[in-house]
Amino acid sequence: MLERRNRPTWVLRAGAMLGLVVLYGLVLRPARPLLTHGLALPAFHAAAVERPGAFDVVVRRSGLSVEIYRAGDDADRAFASWTAPPGLLFLLPGLFLVGLRPRRPYWAVLLACHVALGGAQVALVAAGIAWSDAVFEAYRFSQTYATEAVGLGVPVLLYVLATRDGLREDSGEGSIGT
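Moving on, we come to the overall build of the protein chain. When you go through the protein chain residue by residue, the secondary structure sums to four helices and three strands. In sequence order, the protein chain lays out its α and β elements as α-β-β-β-α-α-α. Out of the 178 residues in the protein chain, the part that is buried amounts to 38%. Taking the contacts inside the protein chain whose residues are at least 6 apart along the sequence as the reference set, 63% of them involve residues at least 24 apart. In the form shown here, the protein chain has an accessible surface area of approximately 9800 Å², with 65% of it arising from carbon and sulfur atoms.

Inside soluble globular proteins, nonpolar side chains tend to come together where they are buried. Residues Phe44, Val57, Val66, Ile68, Trp82, Val125 and Ile129 are the most contacted members of the largest nonpolar core, which totals 19 residues. Those elements giving two or more residues to this core turn out to be α1 (7–48), β1 (55–60), β2 (65–70), β3 (80–83), α3 (106–130) and α4 (134–164). Grouped together as the second largest cluster of nonpolar side chains are 16 residues, Leu91, Leu111, Val150 and Leu158 included.

Right, let's get into the sheet that holds β1. The strand order β1-β2-β3 describes an open sheet built from three strands, whose pairing is antiparallel. Pairing within the sheet leaves two strands with one partner each, and these edge strands are β1 and β3. Strand-to-strand twist of the sheet, defined as the mean angle between neighbouring strand axes without regard to direction, takes the value 20 degrees. Across four bridges, β2 lies against β3 in antiparallel orientation. The residue bridging Val66 from the neighbouring strand is Trp82, located in β3. Sheet contacts for α4: β1 and β3; angle to β3, the most-contacted strand, approximately 45 degrees.

What follows is about α4. Maximum bend of α4: about 35 degrees, positioned at Gly153, with proline Pro155 one to four residues after it. In this structure, the buried side of α4 is in contact with β1, β3, α2 (88–100) and α3.

Once that is clear, we can look at the side chain of Arg32. Counting through the fold element by element, Arg32 comes out in helix α1. When near neighbours in sequence (up to four residues on either side) are disregarded, Arg32 contacts Tyr24, Gly63, Leu64, Thr83, Ala84, Pro85, Pro86 and Gly87.

A few words on the packing of α3 against α4. In contact at an axis separation of 10 Å, α3 and α4 are set at 170 degrees when each is read in the N-to-C sense. Accordingly, the angle class assigned to the pair α3 and α4 is roughly antiparallel. The class makeup of the residues in the contact of α3 with α4 is 19 nonpolar, seven polar and no charged.

Rules behind the numbers
Residues numbered from 1 in each chain as written. Predicted model: local features only at pLDDT ≥ 70, side-chain atom pairs only at ≥ 80, totals over all residues. Heavy atoms only, no water. Helix = DSSP H or I, 4+ residues; strand = E, 2+ residues; numbered from the N terminus. Buried < 20%, exposed > 50% of the residue type's maximum accessible area, 1.4 Å probe, protein only. Contact = heavy atoms within 4.5 Å. Areas by Shrake-Rupley, 256 points an atom, 1.4 Å probe, with all protein chains shown as cover. Core = buried A, V, L, I, M, F, W, Y, C linked by side-chain atoms within 4.5 Å. Pairing = 2+ DSSP bridges. Axes fitted to C-alpha atoms, helices over the stretch in contact; angles between N-to-C directions. Bend = angle between axes of the 7 residues up to and from the residue. Parallel < 35°, antiparallel > 145°, perpendicular 65-115°, else oblique. Nonpolar A, V, L, I, M, F, W, Y, C, P; charged D, E, K, R; others polar.

In structure tokens form, the structure reads like this:
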């Protein structure tokens, strides 16, 4: 049974986690297709002007991702694909951060990192479409490794930095068991 002094922290954690899930479901998830249509597609179409007819750009999966097909290649397999951030690799680590430190908006830092990485990936794909297929390799590296490094590494880094700098409070807010 929980002690009376720990109930506010538990309630705070549960409320903050529920708030993040609601924010994701009502704001971030619907905003992802807007990022696709408002940011990625215009950038990819503008880049395709540099090498006309080299690539076809197709929106897939409810507007959350864009697939790039090379003209003349097998039509069943995309040459590259871009997915709008932030996805599940934001939500789950964000819940981890909220659960550990509900009074600090570390989830917002994680969100900013995901959006910045998504923008950088749009730039890489657009550069690949416009200039060189070799740039797609840099994009594939960032898609494979940087996305997961941000999703899994940034929360751990934020927590370690917070505890190292003495931001952990004596009330036990930083420990999971309270």
